[in-house]
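Below are the chains, spelled out letter by letter.
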Amino acid sequence: MAGSPDITTALASVPFFSGLNAKQLKMVAESGKELSYKPGDTIVEEGTMGVGFYMVVDGKVEVRKGSKVLATLSKGQFFGEMSLIDEQPRSADVVAVQPTRCFSLTTWVFSALVKQHPELALPMLKELARRLRAAQSSPAS
Ligand code: CMP
């Protein structure tokens, strides 16, 4: 359940949330919900409008564009931020490849959180830069 010690502990171990204190983490955990997926479930679909930001609590997901796997994300890694930032449709599919639990925040909770805690934007930008470099260095399809 979101807000449970389990989720609060999981969020505390994620670099993305490292700027938040215990009380703020608990608040974030209570503002979101935990979702479970089976292998093969599509969590985010390319081309649709996004309403959520997701953090992998455990399990594994693939970011896919057509038949190409852009990235594999696991515990502590996030996805779904791009549509929330630029208000454009989802840039890729995100599919569970193992039984996976995610913690999800709605657009409005996510935006309010980043506005209230601008320090959250920095780890997110670092991760975006890392993904851009990885995408640039991967062979063209
Ligand atoms: P969004 O566009 O909202 O939905 C699909 C998500 O996949 C996207 O946000 C990112 O979180 C993630 N994503 C897209 N492209 C990449 C990539 N090259 N590497 C890692 N993650 C990606």
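The structure under discussion appears in the preceding block.
Residues numbered from 1 in each chain as written. Predicted model: local features only at pLDDT ≥ 70, side-chain atom pairs only at ≥ 80, totals over all residues. Heavy atoms only, no water.

Visitor: Before we move on, can you summarise the overall build of the chain with the specific residues and values?
Guide: The helix and strand tally for the chain stands at five helices and eight strands. A compact globule built from 141 residues should have a C-alpha radius of gyration of about 14 Å, and the chain, at 15 Å, falls within 12% of that. The proportion of buried residues among the 141 residues of the chain is 39%. Look at the contacts in the chain between residues 6 or more apart in sequence, and 74% of them connect residues 24 or more apart. Only carbon and sulfur atoms are counted for the fraction: they give 58% of the accessible area of the chain, which is about 7,900 Å². Across the chain, the centroid of the 16 positively charged side chains sits 4 Å from that of the 14 negatively charged ones. (Helix = DSSP H or I, 4+ residues; strand = E, 2+ residues; numbered from the N terminus. Rg over C-alpha atoms; globule rule 2.2 N^0.38 Å. Buried < 20%, exposed > 50% of the residue type's maximum accessible area, 1.4 Å probe, protein only. Contact = heavy atoms within 4.5 Å. Areas by Shrake-Rupley, 256 points an atom, 1.4 Å probe, with all protein chains shown as cover. Lys, Arg positive; Asp, Glu negative; His and termini not counted. Charge placed at Lys NZ, Arg CZ, Asp CG, Glu CD.)

Visitor: Before we move on, can you summarise the pairing of strand 7 (residues 93-96) with the specific residues and values?
Guide: When strand 2 (residues 42-44) meets strand 7, the two strands line up antiparallel, connected through two bridges. Across the sheet, T42 pairs through a bridge with V95, a residue of strand 7. As paired elements, strand 4 (residues 60-65) and strand 7 share four bridges and run antiparallel to each other. Among the inter-strand pairings, V61 is bridged to a residue of strand 7, identified as A96. (Pairing = 2+ DSSP bridges.)

Visitor: Mind laying out the site of the ligand, listing which residues take part and the relevant values?
Guide: Near the ligand lie 14 residues; those nearest to it are G80, E81, S83, R90 and S91. In this structure, an oxygen atom belonging to the ligand sits 3.0 Å away from a main-chain N or O atom of S83. Within the complex, the protein chains bury 92% of what would otherwise be the 460 Å² of accessible surface of the ligand. Looking at the shell around the ligand, the elements that each hand over two or more residues are strand 5 (68-74) and helix 3 (81-86). When residues in the shell around the ligand are grouped by element, the largest group, three residues, is from helix 3. Taken together, the residues that form the shell around the ligand break down as eight nonpolar, three polar and three charged. (Near = heavy atom within 4 Å. Polar contact = N/O pair within 3.5 Å; in protein donor to acceptor, adjacent residues only side chain to side chain. Nonpolar A, V, L, I, M, F, W, Y, C, P; charged D, E, K, R; others polar.)

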